[in-house]
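Chain by chain, the residues:
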Amino acid sequence: MPAKRTHTCGDLRAVDSGADVVLHGWVHRRRDHGGLIFIDLRDRYGLTQVTFDPNRNPHGHSTAEGLRNEYVVCVQGTVAARPSGTTNPNLATGDIEVIATTVTLLNAAKTPPFYINDDASVDESLRMKFRYLDLRRTAMREAVVLRHRVIKRMRDVLDRQGFLEIETPILTASTPEGARDFLVPARLHPGEFYALPQAPQQFKQLLMVGGMDRYFQVARCFRDEDTRSDRQPEFTQLDLEMAFVDEEDVTGTIEALLIECIEAYSSKRIMSKPFPRISYADAMARYGCDRPDLRFGLELTNLTALLGTSGFSVFRGAVEAGGIIKGLVVPGCAGWSRREIDGLTELARTFGAKGLATAAWLPEGIRSAFRQHVGDEVMGRLCDGMGAHEGDLILIVADREATTNAVLHRVRDHLGAKLGLADPEVLALCWVVDFPLLEHDEDRGVWTFTHNPFCAPKDADIHMLDTNPGAASSKQYDIICNGFEIGGGSVRIHTRALQERIFHLMGYTPDQVQALFGTMLDAFEYGAPPHGGIALGLDRIIAILCGASTIRDAIAFPKNQVARDLLMGSPSQVTDNQLAELSVRVSLPISRT
RNA sequence: GGUCCCGUGGUGCAGCGGUCUAGCAUACGUCCCUGUCAAGGAUGAGAUCGCGGGUUCGAAUCCCGUCGGGACCGCCA
């Protein structure tokens, strides 16, 4: 048995000089001078230089000659201050080294398939396949540690405030609407299935009815939809619900929680505290989306009135078809090449625009394809109205309202990154509020919820449910950080009558409502307290805090873009016996020829 | 379901119709070297360019298909 570890590789300092220590770890790097050999020994706490001198310790030196990267060793030795001039200020332990007296090889290692002692980029599928090696690298280790610390702090903060952490089932019932469910066949009940929870929504509301008036959970959620760089089939939420509260109680709790966690564990600067509150309508008007990146301006201007009756058929046609015209000013970019403009136009097309109208304010005047159609007088008012100056580039989209907003939103985000306006060291957190409660589903001819069906309408708007449901606002709030939705919640409906009215608007029959939501509606009849809550996307929050471009870098064992786990090889086929036990028969789609 | 990008020694890149008998860096092997910390020096091995088909006198390079990976649209209460 090798000696017990006395210190980690991040512990030792000059004051420890003279101490006999035992370190365990991986060989991070070996520098062999023929005589002296230096080993940087690594564990998750840091690096410590171990020195092997052939004159003082011939046996240890010869062992060290055989060491290679990623070998696992136990080193016994004496801490010594490094000779002057040989300290390493880049290393926390750089003032000392361990003079080895005994080194024991605990395990050899094959040459790794990619660099572990280097931050160079590596093909992600290779990292996934060897995730246990990737986790040894600095970026993943720091993300995993940060994730632990943030979640730990969240638990502590909530515990201090009287919240109870309560687990809810992973095997539960399929719920309609929302995302596609992951299903689990129920062996004991052939032909029936559990569903994995998309969120613990109904459970947490039932906990409120059950008197657990402050609940939270670090909850795994499952949604069987296509992945994105910020979406995984399974992901983690900080799920939370409170009784006897209004919107301010929930948002205030979360705001304090986030500020504490960010300021404790991130060097990034929060742009403004308290977090600004922006109405949904305002966000759509100024940024074209309900999750604006507030780190930079480039705000949108509505040009429908100015250009809608102009002589330019593209503008007039869009407005006559019920659409809108909006634009934004790109400061100092009038000189952009045709190629750069084409790139933007291509981007706009990706999001459904037919084109992008541009006007470049050059020293010799305004160069624009539509200038002659709208006239110089309108052109002047356009520049004034948008606050443009000489040297600026104006971008305009005329289309259906949804398309115009979507396109300009993406163009704006693209420009924010391209022009370096989106400071990666800044966290622009904000709340988006005053969402519409319902939106009309054109295909099915019914109203559908914008957030979830349990979200309460604003008290003042309840009377509109019968007359003009689309105008009613809800008690929903989303929290946005740098253009990412990192959480959302609402004050809920807590009476059967109001909840039934909402379901009725959504086109459910009373029988359907009872079958799908009967449990919760019944519960509401037994003294349900007013309540509200929120869920934070922890993976996204961690990814933002560690500067990762995908949440996969914030998850120890993520799935790839087609929802495969390249490490464990899931999903995978199962045996006929397993299927038979579950009363499941596989019927593969007919493959294309 | 769709669009786009990528696929060259272990890793990261270059090459984009003949000069490629495929280049560079690093890793790896061997040797030298007592204060390095991305140690240094010498030397060696290692890829028929994801796969299949086509165009061409000639393909890593062009085209089509396919597989794998990624970004996005749809989807994601």
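Residues numbered from 1 in each chain as written. Chains lettered and ligands numbered in written order. Predicted model: local features only at pLDDT ≥ 70, side-chain atom pairs only at ≥ 80, totals over all residues. Heavy atoms only, no water.

Enquirer: Would you mind going over the overall build of chain A with me for this structure?
Expert: A count of helical and extended segments in chain A gives 18 helices and 24 strands. A principal-axis box enclosing the C-alpha atoms of chain A has dimensions of 90 × 75 × 60 Å. The buried share of chain A, taken over its 593 residues, is 47%. Across chain A, every contact between residues at least 6 apart in sequence was considered, and the portion connecting residues at least 24 apart equals 68%. As displayed, chain A has an accessible area near 29,400 Å², and 51% of this comes from carbon and sulfur atoms. (Helix = DSSP H or I, 4+ residues; strand = E, 2+ residues; numbered from the N terminus. Buried < 20%, exposed > 50% of the residue type's maximum accessible area, 1.4 Å probe, protein only. Contact = heavy atoms within 4.5 Å. Areas by Shrake-Rupley, 256 points an atom, 1.4 Å probe, with all protein chains shown as cover.)

Enquirer: It is not clear to me how the pattern of salt bridges should be interpreted in this structure. Could you clarify?
Expert: Should their charged atoms come close, side chains of opposite charge can pair. Overall, the coordinates contain 42 salt bridges when judged by the stated rule. Two residues, Glu 70 and Arg 136, come together in a salt bridge whose shortest N-O distance is 2.8 Å. Highlighted residues: Glu 70 in the loop between α1 (58–65) and β4 (72–81) and Arg 136 in the loop between α3 (131–134) and α4 (138–160), separated in sequence by 66 residues. The class for Glu 70 is buried, based on a relative accessible area of 3%. We classify Arg 136 as partly exposed; its relative accessible area is 24%. Between Lys 204 and Asp 239 there is a salt bridge, with its nearest N and O atoms 2.7 Å apart. Pair noted here: Lys 204 is in helix α5 (residues 201–209) and Asp 239 is in strand β10 (residues 234–243), with a separation of 35 residues, a long-range link. (Salt bridge = Lys/Arg side-chain N within 4 Å of Asp/Glu carboxyl O.)

Enquirer: Can you walk me through the domain arrangement of chain A in this structure?
Expert: Where interface size is quoted, it is often the accessible area lost as the parts come together. According to the domain assignment, chain A consists of domain 1 (14–107), domain 2 (122–268 + 529–585) and domain 3 (296–422). The straight-line distance from the C-alpha centre of domain 1 to that of domain 2 is 41 Å. (Domains from an automatic or database assignment.)

Enquirer: Sorry if this is basic, but what is going on with the side chain of Asp 134 here?
Expert: Residue position: Asp 134 is located in helix α3. Side-chain polar atoms of Asp 134 contact the side chain of Arg 127, separated by 2.9 Å. With residues near it in sequence (within four places) discarded, Asp 134 still touches Phe 114, Arg 127 and Met 140. (Polar contact = N/O pair within 3.5 Å; in protein donor to acceptor, adjacent residues only side chain to side chain.)

Enquirer: Looking at this model, I keep getting lost on the nonpolar core. Mind explaining?
Expert: Generally speaking, soluble globular proteins have nonpolar side chains that are buried together. Met 154, Leu 258, Leu 429 and Leu 536 are the most contacted members of the largest nonpolar core, which has 40 residues in total. Elements represented by at least two residues in this core include exactly α4, β10, α6 (247–265), β19 (429–433), β22 (476–481), β24 (531–537) and α17 (538–545). By residue number, the principal contributor to this core is α6, which donates 7 residues. Apart from the residues within four sequence positions on either side, Leu 429 is in contact with Leu 258, Ile 262, Ile 270, Phe 275, Pro 276, Ile 479, Ile 480, Cys 481 and Ile 486. (Core = buried A, V, L, I, M, F, W, Y, C linked by side-chain atoms within 4.5 Å.)

Enquirer: Just checking my understanding: could you explain the packing of aromatic side chains for this structure?
Expert: The relative placement of two aromatic rings is captured by the distance of their centres and the angle of their planes. Taken as a whole and judged by the stated rule, the model has 11 aromatic pairs. Geometrically, the ring pair formed by Phe 454 and Phe 503 is edge-to-face, given 6.5 Å between the ring centres and 85° between the ring planes. Of this pair, Phe 454 sits in the loop between β21 (446–449) and α14 (464–467) while Phe 503 sits in helix α15 (residues 496–505), and the two are 49 residues apart along the sequence. Looking at Phe 454, the relative accessible area reads 5%, which means it is buried. Put simply, the rings of Phe 454, Phe 503, Tyr 508 and Phe 517 pair up and form one aromatic cluster. (Phe/Tyr/Trp six-rings, centres within 6.5 Å; stacked < 30°, edge-to-face > 60°.)

Enquirer: Is there a simple way to think about the packing of helix α10 (residues 338–350) against helix α13 (residues 401–418) in this case?
Expert: If you want to describe how two helices pack, look at the angle between their axes and the distance between the axes. Viewed as axis vectors pointing N to C, α10 and α13 meet at an angle of 135°, and their least axial separation amounts to 9 Å. As summarised for this structure, α10 and α13 are arranged oblique, according to the angle between their axes. When the axes of α10 and α13 are compared, the crossing they make is right-handed. Counting all contacts with α10, which are made through Glu 340, Leu 344, Leu 347 and Ala 348, the residues of α13 involved are Val 407, Arg 410, Val 411, His 414, Leu 415 and Lys 418. (Axes fitted to C-alpha atoms, helices over the stretch in contact; angles between N-to-C directions. Parallel < 35°, antiparallel > 145°, perpendicular 65-115°, else oblique. Left-handed = near helix turned anticlockwise from the far one by under 90°.)

Enquirer: Help me understand the packing of α4 against α6, please; the structure alone is not making it clear to me.
Expert: It is at 10 Å that the axes of α4 and α6 come closest, and there the two elements cross at 140°. As far as their axial angle goes, α6 and α4 are oblique. Of the two possible hands of crossing, α4 and α6 adopt the one that is right-handed. Residues Leu 146, Arg 149, Val 150, Arg 153, Met 154, Val 157, Leu 158 and Arg 160 of α4 form the contact with α6, whose own contacting residues are Thr 253, Leu 257, Leu 258, Glu 260, Cys 261, Ala 264 and Tyr 265. By residue class, the composition of the contact of α4 with α6 is 10 nonpolar, 1 polar and 4 charged. (Nonpolar A, V, L, I, M, F, W, Y, C, P; charged D, E, K, R; others polar.)

Enquirer: Just checking my understanding: could you explain the sheet that holds strand β2 (residues 37–43) for this structure?
Expert: Hydrogen bonds along the backbone pair up the strands of a sheet, which may run parallel or antiparallel. An order of β1-β2-β3-β5-β4 is seen for the 5 strands of this closed barrel, with the pairing classed as mixed. Across the sheet, the mean angle separating the axes of adjacent strands is 55° when strand polarity is ignored. Pairing of strand β1 (residues 20–32) with β2, which is carried by 6 bridges, proceeds in the antiparallel orientation. Of the residues in β2, the one forming a bridge with Asp 32 is Ile 37. (Pairing = 2+ DSSP bridges.)

Enquirer: What is the right way to read the protein's contact with RNA strand B from this model?
Expert: Around RNA strand B sit 50 residues in total, of which Arg 29, Asn 55, Thr 86, Glu 225 and His 451 are the nearest. Considering the 4 Å shell around the protein, atoms of RNA strand B inside it are sugar or phosphate in 51% of instances. Asp 32 is positioned such that a nitrogen or oxygen atom in its backbone is 2.7 Å from a base nitrogen of RNA strand B. Within the contact set of RNA strand B, a base oxygen lies 2.7 Å away from a side-chain nitrogen or oxygen of Tyr 115. (Near = heavy atom within 4 Å.)

Enquirer: It is not clear to me how helix α7 (residues 280–287) should be interpreted in this structure. Could you clarify?
Expert: One turn of the α-helix equals 3.6 residues, which is why residues spaced by three or four share an orientation. Of the residues making up α7, those classed as buried are Ala 283, Met 284 and Tyr 287. Angularly, the buried residues of α7 cover 105° about the axis, an arc narrow enough to put them on a single face. Once α7 ends, the next one or two residues include Gly 288, with phi positive near 75°. (Arc of directions from axis to C-beta.)

Enquirer: So what exactly am I meant to see when it comes to the state of the cysteines here?
Expert: Note on terminology: disulfide describes a covalent bond linking the sulfur atoms of two cysteines. Tallied over the full model, the rule gives 0 disulfides. Looking at Cys 289, it has no disulfide partner, and the nearest cysteine sulfur is the one in Cys 430, 9.2 Å off. Here Cys 481 is not cross-linked by a disulfide; its sulfur's nearest cysteine counterpart is in Cys 430, at 8.7 Å. A relative accessible area of 3% means that Cys 481 is categorised as buried. (Disulfide = S-S within 2.5 Å.)

Enquirer: Would you explain α4 in this entry?
Expert: Taking 1.5 Å per residue, 23 residues should reach 33 Å; α4 reaches 33 Å between its end C-alpha atoms and fits that length. Inspection of α4 places Met 140, Arg 141, Ala 143, Leu 146, Arg 147, Val 150, Ile 151, Met 154, Val 157 and Leu 158 among the buried residues, and these make up the whole buried set. Positive backbone phi, at 90°, marks Gly 162, one or two positions downstream of α4. (Expected span 1.5 Å × (residues − 1).)

Enquirer: I tried to follow the pairing of strand β9 (residues 214–222) on my own but got confused; where do I start?
Expert: Working note: regular strand, side chains alternate between the two faces of the sheet. Pairing geometry for strand β6 (residues 164–165) and β9, over 2 bridges, is parallel. Residue pairing for β9: Leu 164 is matched across the bridge by Tyr 215. Here β9 pairs with β10 via 9 bridges, running antiparallel. When the bridges of β10 are listed, Tyr 215 appears paired with Glu 241.

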